[in-house]
Amino acid sequence: MTEPSYLTAVRESYDTVAADYVRLVKEPAELDPVSRAMLAAFAELARPLGPVADLGCGPGKVTAHLAGLGVPVFGVDVSPRMIELARAAYPELRFTVGSMTALEIGSGELGGILAYYTTHHTPPQWLPTVFAEFHRTLAPGGRLMLAGHVGNGEHLRPTRAYGDHPVSYESHLLPPDRIGELLQQAGLVVTTRVVQEPEGGAKRRAGTFLAYKPR
């Protein structure tokens, strides 16, 4: 299967910015109270259910945060350089290179999935494929937390990011209602949706969804 071109752009861009990304992106403990609370709620829900995959884990900061909350978690990212940095920073945890469009994870193996600010780089026509992979790999009763930028259908094409490095990825800011619909169409039940308006230096709205795979 030929890799979607957007994945190549995401991989190359995050390989390029990886070192400055680690320096510039907040630690989980520095996030706003709502974001911290949502991560804590997800950890409590997923902790007893088995392995949790942090998909789009980047340099592993949030993966390590979940591990500190007692979650049996491992990280997956499309960027080999990000995975190198994650392994160096958190050698006690497992990190692998992989894509959300075709996870090398068996059906029903996961007790939980975290997709934290990762799916906005996915073109809308590919989201059903990604969400179908979430459904496939989750065990019945397994939990999903998806968080990311939301909007009114904006399509952003930045040229530089994270230390002014050149990037070629794009961002798609879908309305929260549309994301919820796509999750439900994939067979997942959305239980919680939180939308945060920009404040404290944030530039965009953020949406967080908690969902589960029915038994």
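The structure reproduced in this document is the subject of the present report. Note that the coordinates shown come from a computational prediction; the quantities given were computed from them, not determined experimentally. (Residues numbered from 1 in each chain as written. Predicted model: local features only at pLDDT ≥ 70, side-chain atom pairs only at ≥ 80, totals over all residues. Heavy atoms only, no water.)

**Observations concerning the layout of surface pockets**
Which entries qualify depends on this criterion: The pocket and cavity definitions rest on a 1 Å grid over protein atoms only: a 1.4 Å probe that fits but cannot leave marks a cavity, an open set with protein on both sides within 12 Å along at least five of seven lines marks a pocket, and residues lining either have an atom within 4 Å of a point. Grid points are joined across faces, edges and corners, and a volume is the space filled by probe spheres set on the points. Under the DSSP-based scheme used, a helix requires at least four consecutive residues in state H or I and a strand at least two consecutive residues in state E, with every element numbered from the N terminus. Charged means Asp, Glu, Lys or Arg here, nonpolar means Ala, Val, Leu, Ile, Met, Phe, Trp, Tyr, Cys or Pro, and polar covers whatever is left, Gly included.
Within this model, the second largest pocket holds a volume of roughly 160 Å³. Of all the secondary structure elements, the ones that give two or more residues to the lining of the second largest pocket are β2 (73-77) and β3 (95-97). Taken together, the residues of the lining of the second largest pocket break down into seven nonpolar, two polar and three charged.

**Regarding the sheet that holds strand β1 (residues 52-55)**
We count it as follows: When DSSP finds two or more bridges between two strands, those strands count as paired. Angles shown run from 0 to 180 degrees and are taken between the N-to-C directions of axes, each axis being a line fitted to C-alpha atoms and, for helices, limited to the stretch in contact. Residue contacts follow a heavy-atom distance rule, with two residues in contact if any of their heavy atoms lie within 4.5 Å.
With mixed pairing, the seven strands of this open sheet are ordered in space as β3-β2-β1-β4-β5-β11-β10. A strand with exactly one partner marks an edge of an open sheet, and here the two such strands are β3 and β10 (189-196). Going from strand to strand, the sheet's axes swing by 15 degrees on average, the running direction of each strand aside. Judged from the four bridges that link them, β1 and β2 form a sheet pairing that is parallel. Paired with leucine 55 across the two strands is valine 76, which belongs to β2. Here helix α3 (residues 61-68) sits on the sheet and contacts β1, β2, β3 and β4 (110-116); the angle it forms with β2, its principal contact strand, is near 170 degrees. Where helix α4 (residues 80-89) meets the sheet, its contacts fall on β2 and β3, and the angle it forms with β3 comes to roughly 170 degrees.

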